[in-house]
Amino acid sequence: MRGIILAAGKGSRLNGTAGDKPKCLVEAGGLTLIERQVQILERAGLDDIVVVVGCGAERVRSQCGRRVTYIENTRYAETNSLYSLWMARALLYEGFVVLNCDVVFHPVLLNDLLTSRHQDALLIAYREAHQPPFGDEEMKVKVRCGRVADMSKTMEPAEADGENVGIVKFSPAGAAVLVEIMDRLVAAGELRAWAPSAFREFAGMRPLHAVSTRGLPWIEIDFPEDYQRAVHEVLPAIDALVGDVEDRTGDGHATPGNLRMAADAR
């Protein structure tokens, strides 16, 4: 299975937080967002990693080096995540997990998704009772019998069961179906569509299962306030959980299995 990181965007909504760098090169906790995701993929056993670059492509290549394969979306300014994933379509057929580069998450979440018995699945953060209703920005998900029934930003908040985290797994058979959907959407001129628009169509044709984050910390960084929360709240929470596992094992290494046990114990 390949790891696909969508990292073509500029991150203009960060309002200067990224400086003149592309979004994926924003630093948080001493690592760039792209470096953090590559490390998590590698530690999960995925050493076949593809990064779709666009804005600042050469700077991203310099950051990641030869440890990954690159696909360049030269039309990044006029397209969106669907088009970036479609650009990598030739590399999807063996099965893959795709990540938005701006998601900071506890490593066990990726392990949960990869080890799920479901062939095709996405991570979902179910809305908890104390949370305020979702707004216009969240990619809202409706779940029925453990499967994605609908997904969009325009969904009525009351209909949403949770929020798409931005990490999705597809089997070889699922990848073939998804590529056909993306081919059709791109041919229809849907160049500025989000990748979840293809995932939504996929869910209408083939089961797309929902795997819960189980309350483990994660955040998508779109705005300056997201970045501040990532640095001051989410990353410290992740580090505390991972550090607790390392203290228990005594060897300085937090394996996916140890992380899973720590998460289950919460």
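It should be emphasised that the depicted structure is a prediction, and the values quoted were computed from it without experimental measurement.

Colleague: Would you mind going over the side chain of Asp-222 in detail, with residue names and values included?
Modeller: Structurally, the position occupied by Asp-222 is in the loop between strand 13 (218–220) and helix 7 (224–249). Among the polar contacts made by the side chain of Asp-222, one reaches the side chain of Arg-13 at a distance of 3.2 Å. Beyond its immediate stretch of four places on either side in the chain, Asp-222 contacts Arg-13, Leu-14, Lys-23, Asp-102 and Glu-137.

Colleague: Can you break down the environment of Asp-20 residue by residue, with the values?
Modeller: Within the element layout of this structure, Asp-20 appears in the loop between strand 1 (2–7) and strand 2 (27–28). Judged by its relative accessible area of 65%, Asp-20 is exposed. Distance in space between the C-alpha atoms of Asp-20 and Gly-56 is 8.9 Å, their sequence separation being 36 residues.

Colleague: Can you explain the pairing of strand 8 (residues 121–126)? Please cite residues and give values.
Modeller: A large share of strand 8 lies buried, amounting to five of its six residues. One ladder, built from five bridges, connects strand 8 with strand 11 (residues 162–170); its direction is antiparallel. The residue bridging Ala-121 from the neighbouring strand is Lys-169, located in strand 11.

Colleague: Give me the pattern of salt bridges: which residues, what numbers.
Modeller: Summed over the entire model, instances satisfying the criterion amount to 18 salt bridges. Asp-222 is the partner of Lys-23 in a salt bridge, and the nearest nitrogen-oxygen pair spans 2.9 Å. Within this pair, whereas Lys-23 is found in the loop between strand 1 and strand 2, its partner Asp-222 is found in the loop between strand 13 and helix 7, the two being separated by 199 residues in sequence. The exposure class of Lys-23 is buried, given its relative accessible area of 10%. By relative accessible area, which is 5% here, Asp-222 ends up buried.

Colleague: Tell me about the nonpolar core, and please be specific about residues and values.
Modeller: With 38 residues, the main nonpolar core has Leu-85 and Phe-199 as its most contacted residues. Per element, the largest residue contribution to this core is seven residues, and it comes from helix 5 (residues 172–187). Residues Ala-7, Ile-49, Cys-64 and Cys-101 belong to the second largest nonpolar core, which totals 35 residues.

Colleague: Outline the environment of Gly-146, listing residues and values.
Modeller: Tracing the sequence through the fold places Gly-146 in the loop between strand 9 (140–144) and strand 10 (147–152). For Gly-146, a relative accessible area of 32% translates into the label partly exposed. Separated by 65 residues in sequence, Gly-146 and Val-211 place their C-alpha atoms 8.1 Å apart. For Gly-146, the contacting residues outside a window of four places in its chain are His-209 and Ala-210.

Colleague: Requested: an account of the packing of aromatic side chains, with residues and values cited.
Modeller: Centre-to-centre distance and the angle between the planes together describe a pair of aromatic rings. Summed over the entire model, instances satisfying the criterion amount to four aromatic pairs. Through pairs of rings, three or more aromatic residues link up here, namely Phe-96, Phe-170, Phe-199 and Phe-202.

Colleague: Kindly report on the side chain of His-118, identifying the contributing residues and their values.
Modeller: In this fold, His-118 is placed in the loop between helix 4 (107–115) and strand 8. Residue classification places His-118 among the buried positions, given a relative accessible area of 18%. If near-sequence neighbours (up to four positions away) are discounted, His-118 is found in contact with Lys-169 and His-209.

Colleague: Account for the pairing of strand 4 (residues 49–53), with residues named and values stated.
Modeller: Counting buried positions along strand 4 gives five out of five residues, so the element sits mostly inside the fold. Pairing between strand 1 and strand 4: five bridges, direction parallel. Note on strand 4: the bridge partner recorded for Ile-4 is Val-50. Where strand 4 and strand 5 (residues 69–72) come together, four bridges link them in parallel fashion. Counterpart to Val-53 in the pairing with strand 5 is Glu-72. One crossover worth recording links strand 4 to the parallel strand 5 by way of helix 2 (residues 57–64), and it is right-handed.

Conventions used here
Residues numbered from 1 in each chain as written. Predicted model: local features only at pLDDT ≥ 70, side-chain atom pairs only at ≥ 80, totals over all residues. Heavy atoms only, no water. Helix = DSSP H or I, 4+ residues; strand = E, 2+ residues; numbered from the N terminus. Polar contact = N/O pair within 3.5 Å; in protein donor to acceptor, adjacent residues only side chain to side chain. Contact = heavy atoms within 4.5 Å. Buried < 20%, exposed > 50% of the residue type's maximum accessible area, 1.4 Å probe, protein only. Pairing = 2+ DSSP bridges. Salt bridge = Lys/Arg side-chain N within 4 Å of Asp/Glu carboxyl O. Core = buried A, V, L, I, M, F, W, Y, C linked by side-chain atoms within 4.5 Å. Phe/Tyr/Trp six-rings, centres within 6.5 Å; stacked < 30°, edge-to-face > 60°. Right-handed = clockwise from strand over helix to strand, strands pointing away.

Any functional reading would require information beyond the geometric quantities listed.
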